[in-house]
Amino acid sequence: MSKLDNERANNLKSSLLPDPEMGEPFLLTPGPLTTSFAVKQAMLRDWGSWDGDFRAMTADMRRRLLALLGAEQGAFECIPMQGSGSYLVEAMLGNMVPKDGKLLVLANGAYGLRAAKTMEAIGRAYHLLDKGDYLPPRGAEVADILANDPAITHVLAIHCETSSGILNPIAEISQVTYAAGRKLLVDSMSAFGAVPMEPDQIRYEALVSSANKCIEGVPGFGFALVRRSELIATKGNCHSLSLDLHAQWENLEKSGQWRFTPPTHVVAAFLEALKAHEAEGGVAVRGARYTSNRDVMVAGMRELGFETLLDARWLSPIIVTFFCPADERFVFDRFYELMKDKGFIIYPGKLTVVESFRIGCIGQMDEAIMRRVVAAAKQSLEELGVTSAAPPQAAFEERKKLNA
Ligand SMILES: *Cc1c(COP(=O)(O)O)cnc(C)c1O
């Protein structure tokens, strides 16, 4: 084991993980997720939002997020914003897409479709490319759409589409977007902090993420990382008073304060989570831990007969979707309760066509815990009397055909 591996193992051990005996299950969900004791403990104190101590915490957090992003000094700005991740997506779209602009929304799941709905709600033009549940938007088709519609000014890509767990090919999408003279915006909600997104490697103008995903904080706010030159040009562009990123940024720069009441305890917890992220070894090491969580869990589930919704090459290290077994003794709600009894909260599916469920790989968990997840799944199947976890043949064949 390397020094970092050692430290990480010790960090995980000393984090006082949830104890199913005490009634706190592990959250195998893509945020809120299982946080460390230190993160929870950081919330046991009150902070004045205008006070110098809290303003210093906000500044420290913004500085750490920019360092984590890995952009050239001064090229990007970090703007935290109250609310859940969807508020940040709406803030990014409302700020970055001009009133007379047009957005190409690349969707392959619920979050892409929600972004299109957001454009509808804020009354800005968009074109939707909907790839369904299994497949990523590819560079060639994006290039085609851009060539045929000169009105499109921006492209929105979902980095990891959390509804299926697909990791979309952002580099390829970025390349064709800029080759066509357009600009890329990224919803990196469930990937930022675990999948590299250095703007020098992959060009884009803004990305958004939130406190309760791969940085392993608790829910309550999100943040936008925006190219400074673009941000300056967005003044007065936002459809909303409270979601105005430019106004929030101006206020932060002027007074060090958030414009409206910040979630002080959540920020304190997030700072602790950022320190742990750095101590663990940053984006690469966190990504590697999630990847081995996924590999151990998927291998174990396959041994039980389960199949992943996605072809192996598109599986993200964030969350994995499995087909519900064809065996009619498998009832998801009962499986869920049996897993919960054993200390594991899994996630229902979010697909339109087939029955599925999801298991997340992010949060304060390692391989040893993922092996316990698989053992719990095995036991739960036995308790249900399910002898094979194989998926419905037709749905599985359909997926194979689409990926061929
Ligand atoms: C979590 C997530 C969001 C935001 O969802 P909220 O429920 O508003 O936090 C947006 N996009 C993606 C890809 C996500 O994973």
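Please read all numbers here as calculations on a predicted model, not as lab measurements.

**A word on the overall build of the chain**
Link 1 in the chain: Check the secondary structure of the chain and you find 14 helices and 14 strands.
Link 2 in the chain: Radius of gyration (C-alpha) of the chain: 21 Å, near the 22 Å computed for a compact globule of 404 residues.
Link 3 in the chain: Considered along the principal axes of its C-alpha atoms, the chain spans approximately 60 × 55 × 40 Å.
Link 4 in the chain: Per-residue burial over the chain gives 58% buried out of 404 residues.
Link 5 in the chain: Mean positive and mean negative side-chain charge positions of the chain (43 and 49 charges, respectively) differ by 2 Å.

**Brief notes about the sheet that holds strand E11 (residues 319–323)**
Link 1 in the chain: Within the open sheet, the three strands sit side by side as E11-E14-E13. Their pairing is antiparallel. The strands lining the two open edges of the sheet, one partner per strand, are E11 and strand E13 (347–348).
Link 2 in the chain: Along the sheet, helix H11 (residues 282–303) contacts E11 and strand E14 (356–360); its crossing angle with E11, the most-contacted strand, is approximately 10°.

**Focus on empty space enclosed by the protein**
Link 1 in the chain: Scanning the entire structure with this criterion turns up one cavity of 30 Å³ or more.
Link 2 in the chain: Computed from the structure, the largest cavity encloses a volume of approximately 40 Å³.
Link 3 in the chain: What lines the largest cavity is simply Ser-36, Val-39, Ile-215, Glu-216, Ala-273, Ala-276, Arg-286 and Gln-364.
Link 4 in the chain: Taken together, the residues of the lining of the largest cavity sort by class into four nonpolar, two polar and two charged.

**Describing the environment of Glu-141**
Link 1 in the chain: With respect to the helices, strands and loops of the structure, Glu-141 is situated in helix H6 (residues 139–148).
Link 2 in the chain: Judged by its relative accessible area of 22%, Glu-141 is partly exposed.
Link 3 in the chain: Along the sequence, Glu-141 and Val-176 sit 35 residues apart, while their C-alpha atoms lie 9.5 Å from each other.
Link 4 in the chain: Setting aside residues no more than four positions away along its own chain, Glu-141 makes contact with Leu-129, Lys-131 and Pro-136.

**Quick word on helix H14 (residues 393–403)**
Link 1 in the chain: Buried residues of H14: Ala-395, Phe-396, Arg-399 and Asn-403, and no others. The arc enclosing the buried residues of H14, seen along the axis, measures out at 100°, which places them on a common side. Opposite its buried face, H14 presents the exposed residues Gln-393, Ala-394 and Lys-401, each directed more than 90 degrees away.

**Observations concerning the UniProt feature "domain: Aminotransferase class V" (unreviewed entry) in the chain**
Link 1 in the chain: Look at the UniProt record and you will see "domain: Aminotransferase class V" (unreviewed entry) annotated at residues 144–309.
Link 2 in the chain: With 42% helix and 16% strand, the stretch residues 144–309 has end C-alpha atoms that lie 28 Å from each other.

**Brief notes about the side chain of Asn-168**
Link 1 in the chain: With respect to the element layout, Asn-168 can be found in the loop between strand E7 (166–167) and helix H7 (170–179).
Link 2 in the chain: Separated by 2.8 Å, the side chains of Asn-168 and Asn-108 make a polar contact.

**Looking at the packing of aromatic side chains**
Link 1 in the chain: Under the defined criterion, the tally for this structure stands at 16 aromatic pairs.
Link 2 in the chain: A ring pair is formed by Phe-26 and Phe-344, whose centres lie 5.8 Å apart and whose planes are at 20°; its orientation type is stacked. With a gap of 318 residues between them, Phe-26 in strand E1 (residues 26–27) and Phe-344 in strand E12 (residues 344–345) connect regions that are remote in the sequence. Just as Phe-26 is buried, Phe-344 falls in that class too.

**Things to note about the domain arrangement of the chain**
Link 1 in the chain: As far as domains go, the chain holds domain 1 (3–30 + 282–403) and domain 2 (46–278).
Link 2 in the chain: Each partner contributes residues to the interface: domain 1 has 30 residues there, and domain 2 has 31 residues.
Link 3 in the chain: Roughly 2,500 Å² of surface becomes buried between domain 1 and domain 2 when both sides are summed, with 60% attributable to carbon and sulfur atoms.
Link 4 in the chain: It is Val-283, Arg-286 and Trp-314 in domain 1 that bury the most area against domain 2; as a group they hold 27% of the surface buried on that side.
Link 5 in the chain: Between Glu-216 and Arg-289 there is a salt bridge, with the nearest N and O atoms lying 3.1 Å from each other.
Link 6 in the chain: Of all the secondary-structure elements, those providing two or more residues to the side of domain 1 that touches domain 2 are H11, E11 and H14.
Link 7 in the chain: Among the elements that make up the side of domain 1 that touches domain 2, the one with the highest residue count is H11 (six residues).
Link 8 in the chain: Grouping the amino acids of the side of domain 1 that touches domain 2 by side-chain chemistry returns 16 nonpolar, eight polar and six charged.

**Quick notes on the pairing of strand E5 (residues 154–158)**
Link 1 in the chain: With respect to burial, E5 is a largely interior element, five of its five residues being buried.
Link 2 in the chain: The alternating pattern of E5 places His-154, Leu-156 and Ile-158 and Val-155 and Ala-157 on opposite faces, both of which are buried.
Link 3 in the chain: Two strands pair when backbone bridges link them, and strand E3 (residues 102–107) and E5 are joined in this way by three bridges, in the parallel orientation. Residue pairing for E5: Leu-103 is matched across the bridge by His-154.
Link 4 in the chain: Note: E5 against strand E8 (residues 183–187), five bridges, orientation parallel. Residue pairing across strands places Ala-157 opposite Val-186, the latter belonging to E8.

Definitions and cut-offs
- Residues numbered from 1 in each chain as written.
- Predicted model: local features only at pLDDT ≥ 70, side-chain atom pairs only at ≥ 80, totals over all residues.
- Heavy atoms only, no water.
- Helix = DSSP H or I, 4+ residues; strand = E, 2+ residues; numbered from the N terminus.
- Rg over C-alpha atoms; globule rule 2.2 N^0.38 Å.
- Buried < 20%, exposed > 50% of the residue type's maximum accessible area, 1.4 Å probe, protein only.
- Lys, Arg positive; Asp, Glu negative; His and termini not counted.
- Charge placed at Lys NZ, Arg CZ, Asp CG, Glu CD.
- Pairing = 2+ DSSP bridges.
- Contact = heavy atoms within 4.5 Å.
- Axes fitted to C-alpha atoms, helices over the stretch in contact; angles between N-to-C directions.
- 1 Å grid on protein atoms, 1.4 Å probe; cavity = no way out; pocket = protein on both sides within 12 Å on 5 of 7 lines; lining within 4 Å.
- Points joined across faces, edges and corners; volume = space filled by probe spheres on them.
- Nonpolar A, V, L, I, M, F, W, Y, C, P; charged D, E, K, R; others polar.
- Arc of directions from axis to C-beta.
- UniProt positions renumbered as here; feature names shortened; annotations may be inferred.
- Polar contact = N/O pair within 3.5 Å; in protein donor to acceptor, adjacent residues only side chain to side chain.
- Phe/Tyr/Trp six-rings, centres within 6.5 Å; stacked < 30°, edge-to-face > 60°.
- Domains from an automatic or database assignment.
- Buried area = accessible area lost by both parts, 1.4 Å probe.
- Salt bridge = Lys/Arg side-chain N within 4 Å of Asp/Glu carboxyl O.

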